[in-house]
Amino acid sequence: QVQLVESGGGLVQAGDSLTLSCSARGHIVTSYAMGWFRQAPGKEREFVAAISWGDITFYGDSVQGRFTISSDNAKNTVYLQMNSLKPEDTANYYCASRRFRDASPYPNHYDYWGQGTQVTVSS
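This section reports on the structure supplied with the text.

## Looking at unusual backbone geometry
- A positive phi is found at Asp-55, a non-glycine position, where the angle reads about 65°.
- Mapping Asp-55 onto the fold places it in the loop between strand E5 (46–51) and strand E6 (57–59).
- You can call Asp-55 partly exposed: its relative accessible area is 49%.
- Non-glycine residue Ser-84 carries a positive phi angle of around 50°.
- If you trace the backbone, Ser-84 turns up in the loop between strand E8 (77–82) and strand E9 (91–98).

If you want it as structure tokens, here you go:
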């Protein structure tokens with residue numbers, strides 16, 4: 001069984017920075033692509049960032065230039081560094097993994113999901 005566990009969420013002020021972590025456990029292949037998504041109340045799940053097995057990254061338009069995704073295979077962990085946070089970044093953030101090497105912005109392309117970690121940005 002593959003388990004993804006997010007951590008690092010919390011309450012911050014606008015303009016602050018925060019780093020989320022996602023630890024993968026179980027029979028997960030290190031070459032799997034991974035991504036971050038977020039969902040706010042009343043909103044659809046939104047693509048945030050993704051990283052391929054070859055460390056190729058891309059981002060959603062709303063976070064481009066502010067967020068950075070990275071991975072550490074030795075630690076089996078993926079990170080999301082968030083800078084210049086805005087109130088509209090407030091959401092539950094989910095880590096996800098798919099059984100393919102290519103990254104994807106589509107939630108239905110992912111096979112495993114964490115339980116989420118809440119990020120709240122006050123104005």
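## As for the environment of Asp-55
- Taking the C-alpha atoms as reference, Asp-55 lies 11 Å from Tyr-32; in sequence the two are 23 residues apart.
- Reaching out from Asp-55, the side chain makes a polar contact with the side chain of Ser-71 at a distance of 3.5 Å.

## Points about the nonpolar core
- Grouped together as the largest cluster of nonpolar side chains are 27 residues, with contacts concentrated most on Trp-36, Leu-80, Met-82 and Tyr-93.
- When residues of this core are assigned to their parent elements, the largest contribution, 4 residues, is made by strand E3 (residues 18–25).
- Excluding anything up to four places from it in sequence, Met-82 contacts Asp-16, Ser-17, Leu-18, Leu-20, Arg-66, Phe-67, Tyr-93 and Val-119.
- Ranked by size, the runner-up nonpolar core spans 5 residues in total, among them Phe-37, Phe-47, Ala-96 and Tyr-110.

## With respect to the packing of aromatic side chains
- Under the defined criterion, the tally for this structure stands at 5 aromatic pairs.
- Ring geometry for Phe-47 versus Phe-58: centroids 5.2 Å apart, planes at 35°, classification tilted. Of this pair, Phe-47 sits in strand E5 while Phe-58 sits in strand E6, and the two are 11 residues apart along the sequence.
- When its relative accessible area of 29% is taken as the criterion, Phe-58 is described as partly exposed.
- Ring-pair connections join several aromatic residues into one group, and the members of that group are Phe-37, Phe-47, Phe-58, Tyr-110 and Trp-113.
- Looking at Arg-45, its charged tip hangs above the ring of Trp-113, at a distance of 4.7 Å from the centre.
- Over the face of the ring belonging to Trp-53 we find Arg-101, whose NZ or CZ atom lies 5.0 Å from the ring centre.

## Digging into the pairing of strand E7 (residues 67–72)
- Note that E7 and E8 share 6 bridges and pair antiparallel. Within E8, the position partnered with Ile-69 by the bridge is Leu-80.

## Structural notes on the state of the cysteines
- Tallied over the full model, the rule gives 1 disulfide.
- A disulfide bridge connects Cys-22 with Cys-95, and the sulfur atoms are separated by 2.1 Å. Here Cys-22 and Cys-95 share a disulfide; its torsion about the S-S bond, -80°, makes the bridge left-handed. Pair noted here: Cys-22 is in strand E3 and Cys-95 is in strand E9, with a separation of 73 residues, a long-range link. For the pair Cys-22 and Cys-95, one class covers both residues: buried.

Conventions we followed
Residues numbered from 1 in each chain as written. Predicted model: local features only at pLDDT ≥ 70, side-chain atom pairs only at ≥ 80, totals over all residues. Heavy atoms only, no water. Helix = DSSP H or I, 4+ residues; strand = E, 2+ residues; numbered from the N terminus. Buried < 20%, exposed > 50% of the residue type's maximum accessible area, 1.4 Å probe, protein only. Polar contact = N/O pair within 3.5 Å; in protein donor to acceptor, adjacent residues only side chain to side chain. Core = buried A, V, L, I, M, F, W, Y, C linked by side-chain atoms within 4.5 Å. Contact = heavy atoms within 4.5 Å. Phe/Tyr/Trp six-rings, centres within 6.5 Å; stacked < 30°, edge-to-face > 60°. Lys NZ or Arg CZ within 6 Å of the ring centre and 35° of its normal. Pairing = 2+ DSSP bridges. Disulfide = S-S within 2.5 Å.

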